[in-house]
Amino acid sequence: MDALFHPLIAEATTFFRGALFAVEAELLVVVIEYDAKTVVDLVNSGSASLTNVGIVIADILYLLSCNNLDVSYVPKVANLAAHNLAQLSFSSSNDLFFLEDNPPSVDWLIKADAISELLVCLYECSFCEPGST
């Protein structure tokens, strides 16, 4: 990506390219979590202006509407694996896509995230079932 982009345009373009990749790879995605709050807010507003970033937002809105996808804001600290993958991408001039194997530098973060999700689910479910302690 050219370094002459405004940061907001770069964030919106990155979001679009990630969502497009998920659709083209036929991944079963329902919600896209993203850590750029301004981009998420612009997408969730449902409208796009006739600015440079607005044109990218319009493309995102079209892609989401055609594929029944929702968008959610997640702070960087809540998704360290994605943040570290983004940092890893700075070391390459090519696009990086990982489908089955994770880079070792983030593999442990992905596993830790999965375990924490499971623990939260188990904790919440223990309050839902009758007779649970």
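Residues numbered from 1 in each chain as written. Predicted model: local features only at pLDDT ≥ 70, side-chain atom pairs only at ≥ 80, totals over all residues. Heavy atoms only, no water.

Draft legend 1. Examining the nonpolar core more closely. Among the nonpolar cores identified, the biggest contains 18 residues, and A12, F15, V39, V43, I57, I60 and L64 are the most heavily contacted of them. Put simply, the parts of the chain that give this core at least two residues each are α1 (7-24), β1 (31-34), α2 (37-45) and α3 (52-67). No other element matches the 6 residues that α3 contributes to this core. Beyond its immediate chain neighbours, meaning those up to four positions away, L64 contacts I32, V43, L69 and V71. (Core = buried A, V, L, I, M, F, W, Y, C linked by side-chain atoms within 4.5 Å. Buried < 20%, exposed > 50% of the residue type's maximum accessible area, 1.4 Å probe, protein only. Helix = DSSP H or I, 4+ residues; strand = E, 2+ residues; numbered from the N terminus. Contact = heavy atoms within 4.5 Å.)

Draft legend 2. Spatial organisation of the confidence of the model for the protein. Averaged over all residues, the pLDDT of the protein is 80; the fraction at 70 or higher stands at 89%. Element-level mean pLDDT values for the protein span from 73 in helix α5 (residues 104-126) up to 93 in α2. (pLDDT = per-residue confidence, 0-100.)

Draft legend 3. A look at the packing of α2 against α3. The geometry of α2 relative to α3 is characterised by a closest axis approach of 9 Å and an angle of 60 degrees between their N-to-C directions. The orientation of α2 with respect to α3, classified from their angle, is oblique. Note that α2 runs across α3; the crossing there is right-handed. Contacts between α2 and α3 pair V39, L42 and V43 from the former with I57, I60, L61 and L64 from the latter. Residue classes in the contact of α2 with α3 are distributed as 7 nonpolar, no polar and no charged. (Axes fitted to C-alpha atoms, helices over the stretch in contact; angles between N-to-C directions. Parallel < 35°, antiparallel > 145°, perpendicular 65-115°, else oblique. Left-handed = near helix turned anticlockwise from the far one by under 90°. Nonpolar A, V, L, I, M, F, W, Y, C, P; charged D, E, K, R; others polar.)

Draft legend 4. Structural context of α3. Taking 1.5 Å of rise per residue, the 16 residues of α3 would be expected to cover 22 Å, and the 24 Å separating its terminal C-alpha atoms lies within 8% of that figure. Within α3, burial applies to V53, G54, V56, I57, I60, L63 and L64. The secondary structure elements touched by the buried residues of α3 are α1, β1, α2 and β2 (70-73). After α3 finishes, the residue N68 shows a positive phi value of roughly 55 degrees. (Expected span 1.5 Å × (residues − 1).)

Draft legend 5. Quick look at the pairing of β1. Residues I32 and Y34 line the buried face of β1, whereas the alternating positions V31 and E33 sit on a face that is not buried. Alignment of β1 against β2, held across 4 bridges, turns out to be parallel. Paired with V31 across the bridge in β2 is D70. (Pairing = 2+ DSSP bridges.)

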